[in-house]
Amino acid sequence: MKALIVAPSWIGDTVLAQPLFVRLHERIPGLQLDALAARWVAPVLERMPEIARIVDSPFAHGELSLKARHRLARQLAHAGYGQAYVLPNSLKSALIPFFADIPERIGFIGETRYGLINRRHTLNKALLPQMCERFAQLAEAPGAPLPRPLPLPRLSSSSAERGATLASLGLNLPAKLAVFCPGAEYGPAKRWPARHFATLANALADRGFAVWLLGSPKDRAIGDEIVSLSGSAGLPLNLCGATSLTQAIDLLAAASFVVCNDSGLMHVAAALDRPLIAVYGSSSPGFTPPLSRQARVISLALECSPCFKRECPLGHLDCLNKLDPQRVLAACLEGLPA
């Protein structure tokens, strides 16, 4: 049996989809599971043993490109896929499996995708409050209960891969390494303030930790701000925009612990099973929590949060501004060797 996953377009969502992949392999012995994925999420799928092959999806966020989708679909039509699991809920995400004549096309109804999806699930948000549960439900018959507990996402990073990444970046691994991921693609209402990250970096440096910042090129500016506010030459080391996602995976795997906003790299760190402190502001740990027993979620749980807005609608961002660095420091140090 060969099946195709139409992967999400976000790094974190792709990590949260892995329990579905595990369940599919449990249910279908000998399954070859391939993934149609955007190139910016492909490195995450490359570190999942459940995925045999990745098919490049060249389309940007929101891009329809009907003719190009049809051309790609006709190439996939000869691959022998019996099933397609369409994880995004958009209409366009269901087009390629339909154009490729894959017999069974599985997903939630989404944007009225009748016909495009022919094994249709109806979302019950009360029964499936978490995104990972919604993905995993697709392994079941429509309407069937979801078996729990779900397997936890797990990404691989070998010592050889970590060593190669460090060498390629000209880095030596410190004895005590804290990695911060200060960005959040969704917007500023999910980003802990740079001054708080800087205060935390200084406190950790006083305790002998090296601090590295990871993120995309868009996070370079906030990384520079953290470095400037820390007031220490060379502390922390801003690697935002200086690594590939594959390299970021290996650096996260090498960390003593990780401090993240609710972001894609938070889910990556959780799936690498690193000690993790996840700071939540406008979003909800009830919907997209870090799936790791080593994760600590810190949230002030104010009356106005979660609002799920990109920017604070009240203008004060109290949910993050008032989250004291000392509280995060205590969580970082808890359970670590003295």
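Residues numbered from 1 in each chain as written. Predicted model: local features only at pLDDT ≥ 70, side-chain atom pairs only at ≥ 80, totals over all residues. Heavy atoms only, no water.

## A few points about the sheet that holds strand β6 (residues 119-121)
What counts, and what does not: Only when DSSP finds a minimum of two bridges between them are two strands counted as paired. Helix and strand assignments come from DSSP, with helices taken as H or I runs of at least 4 residues and strands as E runs of at least 2, each series counted from the N terminus. A fitted line through C-alpha atoms serves as each axis, taken over the contacting stretch for helices, and the angle formed by two N-to-C directions is quoted from 0 to 180°.
The six strands lie next to each other as β3-β2-β1-β4-β5-β6, forming an open sheet whose pairing is parallel. Two strands bound the open sheet, and with one partner strand each, they are β3 (53-57) and β6. Within the sheet, the average angular offset between the axes of one strand and its neighbour, ignoring direction, is 20°. Where strand β2 (residues 32-38) meets β3, five bridges bridge the pair, whose relative direction is parallel. Bridging from a neighbouring strand, A38 pairs with S57 of β3.

## Concerning the nonpolar core
For clarity, the threshold we go by: Among buried residues, those of type Ala, Val, Leu, Ile, Met, Phe, Trp, Tyr and Cys that are joined through side-chain atoms within 4.5 Å constitute a nonpolar core. Categorising residues by exposure relies on relative accessible area from a 1.4 Å probe, with only protein chains included: less than 20% of the type maximum marks a residue as buried, more than 50% marks it as exposed, and the intermediate range marks it as partly exposed. What makes two residues a contact is simply this: any of their non-hydrogen atoms within 4.5 Å.
With 63 residues, the main nonpolar core has I5, F21 and L252 as its most contacted residues. Those residues in contact with F21 that sit more than four places away from it in its chain are I5, L33, L45, M48, E50, I51 and L87. Listed in part, the 31 residues of the second largest apolar core include F180, L213, V259 and I277.

## Description of the sheet that holds strand β12 (residues 295-298)
As summarised here, the arrangement of the six strands in space is β9-β8-β7-β10-β11-β12, forming an open sheet in which the pairing is parallel. Both outer strands of the open sheet, β9 (237-238) and β12, are each paired with one neighbouring strand and no more.

## A look at helix α2 (residues 18-27)
Counting buried positions along α2 yields seven of 10 residues, so the element is predominantly enclosed. Turning to α2, its buried residues number three or more, namely Q18, P19, L20, F21, V22, R23 and L24. The secondary structure elements touched by the buried residues of α2 are β1 (2-6), α1 (11-16), β2, α3 (42-46), β4 (83-86) and α6 (131-136).

## Topic: the packing of helix α8 (residues 194-205) against helix α13 (residues 325-333)
Rules: Here roughly perpendicular refers to angles of 65 to 115 degrees, roughly parallel to angles under 35, roughly antiparallel to angles over 145, and oblique to all remaining angles. Note on convention: near helix rotated counterclockwise from far helix by under a right angle means a left-handed crossing. Clockwise means right-handed. Each residue gets one of three labels, nonpolar for Ala, Val, Leu, Ile, Met, Phe, Trp, Tyr, Cys and Pro, charged for Asp, Glu, Lys and Arg, and polar for the others, Gly among them.
Between α8 and α13, the shortest axis-to-axis distance is 9 Å and the interhelical angle comes to 45°. Relative to α13, the element α8 lies oblique. Between α8 and α13 lies a crossing whose hand is right-handed. Residues H196, T199, L200, A203 and L204 of α8 lie in contact with α13, whose contacting residues are P325, V328, L329, C332 and L333. Each residue belonging to the contact of α8 with α13 can be placed in one class, and the counts come to eight nonpolar, two polar and no charged.

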